[in-house]
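Coordinate inspection notes
Each chain is listed here by its residues.
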Amino acid sequence: MPDPKKDQPQPEPSVQPGRYWLFADKKILGPYGMRLLRRLKNLRPDLLVAPAGARKETDWRPAADFPELKAILDARASGQSKEAETPAQKKGRPSKPPLPPLPEGPNYLNWFFFIVLSVAAGVALLVHIASRPPVRKSAAVASNEFQPPPDQMWPAPDTPSDRLAAESQVIEAYLPLLLAVKGVKAEQLTAACASAREFIRSQEAYRAKYGTPLAEELSRRLVITMRADSRTKKLVECLERAGGHGIDLTALKYAPQLRQNLQPADFSLPRAQSTADSLLSSFCAKP
């Protein structure tokens, strides 16, 4: 604790009138104004107080030494019954308790340097971020897009014209069944049943002529192409022709919505085969 005798002389700071710091229960409280001090029950004549704005330890003095506080104490004593006198103090000079240091006022210079350093650090961070090369995010991560390479989509490169025509027939019958995975409206049931029969017929003919491996490759490419945001020109043509057979296929044009509502397996030809069999065995009248 600093020794007041060793402190170098310094100009007396301006003291705020009517506000005092209190030292009670080993804690510095306040500063309190006169209105609150009049209501403070533990305000005693020997309570150490210091005026707000004081900076030296020697400014701590008993409350009775301050005229404003003494007036409060005298008024309080006159309105109460006389209390028993305090016991006589022990002989000898009582030990003087150490005076607490007064709270320090805000150091505006330190705050100024702190603000300047914070602003400089923020500017340096912005410059560093701006100088970094942009990180290229994949389209799928950046905007939930899905765009596979063209060589994975339908139709396969260098597909013969006769096989391409057969695959187009299968796909035109397959597209209405893709919507039927989530159910068929009553007014579209007739068209859905017709698509189911055409799909079964065209797929069986395709497998018989070109074999199961090419049928499986067609299914794989179809799953990829239907889920892509930008379809191939040939698939768009099939979608336009299939939409004229009595079922509104507008929903199939929005790939993000399809990816959200359907699983990849729902786009496969085996899933369309299952849907066709279910329609023909339950809702469709036998031809």
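Above this text sits the structure in question.
The paragraphs below set out a description of the structure included in this document. Just so it is clear, the structure is predicted and the values come from calculations on it, not from any experiment. (Residues numbered from 1 in each chain as written. Predicted model: local features only at pLDDT ≥ 70, side-chain atom pairs only at ≥ 80, totals over all residues. Heavy atoms only, no water.)

**Here we look at the pairing of strand 2 (residues 27-33)**
Worth spelling out the cut-off: Pairing between two strands is assigned when DSSP locates at least 2 bridges connecting them. Secondary structure elements are taken from DSSP: a helix is a run of H or I of four residues or more, a strand is a run of E of two residues or more, and numbering for both begins at the N terminus.
The sheet contact formed by strand 1 (residues 19-24) and strand 2 spans five bridges and is antiparallel. Opposite Ala24, over in strand 2, you have Lys27 as the bridge partner. Counting the residues between successive antiparallel strands, the hairpin from strand 1 to strand 2 contains two residues, one of them, Asp25, with a positive phi of roughly 55 degrees.

**With respect to the environment of Ala194**
The criterion, for reference: Any residue under 20% of the maximum accessible area for its type is buried, any over 50% is exposed, and the rest in between are partly exposed; the area is computed with a 1.4 Å probe on protein chains only.
Tracing the sequence through the fold places Ala194 in helix 6 (residues 189-210). The exposure class of Ala194 is partly exposed, given its relative accessible area of 41%. Ala194 sits 52 residues away from Gly246 along the chain, and the two C-alpha atoms are 9.8 Å apart.

**Brief notes about the sheet that holds strand 3 (residues 48-51)**
In space, the four strands of this open sheet follow the order 2-1-3-4, with antiparallel pairing throughout. This sheet does not close on itself; its edge strands, each paired only once, are strand 2 and strand 4 (61-62). Where strand 1 meets strand 3, four bridges bridge the pair, whose relative direction is antiparallel. Across the sheet, residue Tyr20 finds its bridge partner in strand 3, namely Pro51.

**Considering the packing of helix 5 (residues 161-180) against helix 6**
So the rule is basically this: Every axis corresponds to a line fitted to the C-alpha atoms, with the helix fit spanning only the stretch in contact, and the corresponding angles, defined between N-to-C directions, vary from 0 to 180 degrees. Should an angle fall under 35 degrees it is called roughly parallel, over 145 degrees roughly antiparallel, and 65 to 115 degrees roughly perpendicular, with every other angle called oblique. Left-handed describes a crossing in which the near helix is turned anticlockwise from the far one by less than a right angle; the clockwise case is right-handed. The contact criterion used throughout is that any non-hydrogen atoms of two residues lie within 4.5 Å. Here the term charged refers only to Asp, Glu, Lys and Arg, the term nonpolar to Ala, Val, Leu, Ile, Met, Phe, Trp, Tyr, Cys and Pro, and the term polar to all other amino acids, Gly among them.
In the contact formed by helix 5 and helix 6, the axes pass within 8 Å of each other and the chain directions differ by 150 degrees. As summarised for this structure, helix 5 and helix 6 are arranged roughly antiparallel, according to the angle between their axes. Of the two elements, helix 5 crosses helix 6, and the hand of that crossing is left-handed. Where helix 5 approaches helix 6, its residues Asp162, Arg163, Ala166, Glu167, Gln169, Val170, Ala173, Tyr174, Pro176 and Leu177 are matched on the opposing element by Ala192, Ser195, Ala196, Glu198, Phe199, Arg201, Ser202, Gln203, Tyr206, Lys209 and Tyr210. Class assignment for the residues of the contact of helix 5 with helix 6 results in 11 nonpolar, four polar and six charged.

**Points about unusual backbone geometry**
Going from Trp154 to Pro155, the amide bond is cis rather than trans, its omega being 0 degrees. Considering the arrangement of structural elements, one finds Pro155 in the loop between helix 4 (139-143) and helix 5. Its identity as a non-glycine residue notwithstanding, Asp158 has a phi of 60 degrees, on the positive side. Position of Asp158 among the secondary structure elements: in the loop between helix 4 and helix 5. Overall, Asp158 belongs to the exposed group, its relative accessible area being 78%.

**Description of the environment of Arg39**
The topology assignment puts Arg39 in helix 1 (residues 34-39). Looking at Arg39, the relative accessible area reads 68%, which means it is exposed. Taking the C-alpha atoms as reference, Arg39 lies 9.6 Å from Ile72; in sequence the two are 33 residues apart.

**Comments concerning the state of the cysteines**
As a reminder of what qualifies: The disulfide criterion used throughout: a pair of cysteine sulfur atoms within 2.5 Å.
What the rule picks out here adds up to one disulfide. Disulfide pairing places Cys193 opposite Cys284 at an S-S distance of 1.8 Å. Since a negative S-S torsion denotes a left-handed disulfide, the Cys193-Cys284 link at about -85 degrees is left-handed. Pair noted here: Cys193 is in helix 6 and Cys284 is in the segment after helix 10 (269-282), with a separation of 91 residues, a long-range link. The residues Cys193 and Cys284 share a single accessibility class, namely buried.

**Re the side chain of Arg259**
Convention followed: Distance and chemistry together define a polar contact, namely a pair of N or O atoms within 3.5 Å, with one atom able to donate a hydrogen and the other to accept it when in protein, and with adjacent residues in sequence counting only for side-chain atoms on both sides.
Within the secondary structure layout, Arg259 lies in helix 9 (residues 255-261). Among the polar contacts made by the side chain of Arg259, one reaches the side chain of Asp229 at a distance of 3.4 Å.

**A short note on the packing of aromatic side chains**
For clarity, the threshold we go by: Here the aromatic set is Phe, Tyr and Trp, taking the six-membered ring for Trp, and pairing holds for ring centres within 6.5 Å; pairs whose planes are under 30 degrees apart are stacked, those over 60 apart are edge-to-face, and all others are tilted. Definition used: whenever NZ (Lys) or CZ (Arg) falls within 6 Å of the ring centre and also within 35 degrees of the ring normal, the charge is taken to sit over that ring.
For the structure shown, the criterion picks out three aromatic pairs. Where Phe23 meets Trp60, the ring centres are 6.2 Å apart and the plane angle is 65 degrees; that geometry is what we call edge-to-face. Placement of Phe23 in strand 1 and of Trp60 in the loop between strand 3 and strand 4 is noted, with a sequence separation of 37 residues between them. Plain terms: the ring middles of Tyr206 and Tyr210 are 4.9 Å apart, the flat faces sit at 40 degrees to each other, and that makes the pair tilted. Here the residue Tyr206 and the residue Tyr210 both occupy positions in helix 6, the gap between them amounting to four residues, near one helical turn. Judged by its relative accessible area of 2%, Tyr206 is buried. Between the NZ or CZ atom of Arg61 and the centre of the ring of Phe66, over which it lies, the distance is 4.3 Å. When the ring centre of Phe146 is taken as origin, the NZ or CZ atom of Arg227, which lies over that ring, is 4.9 Å away.

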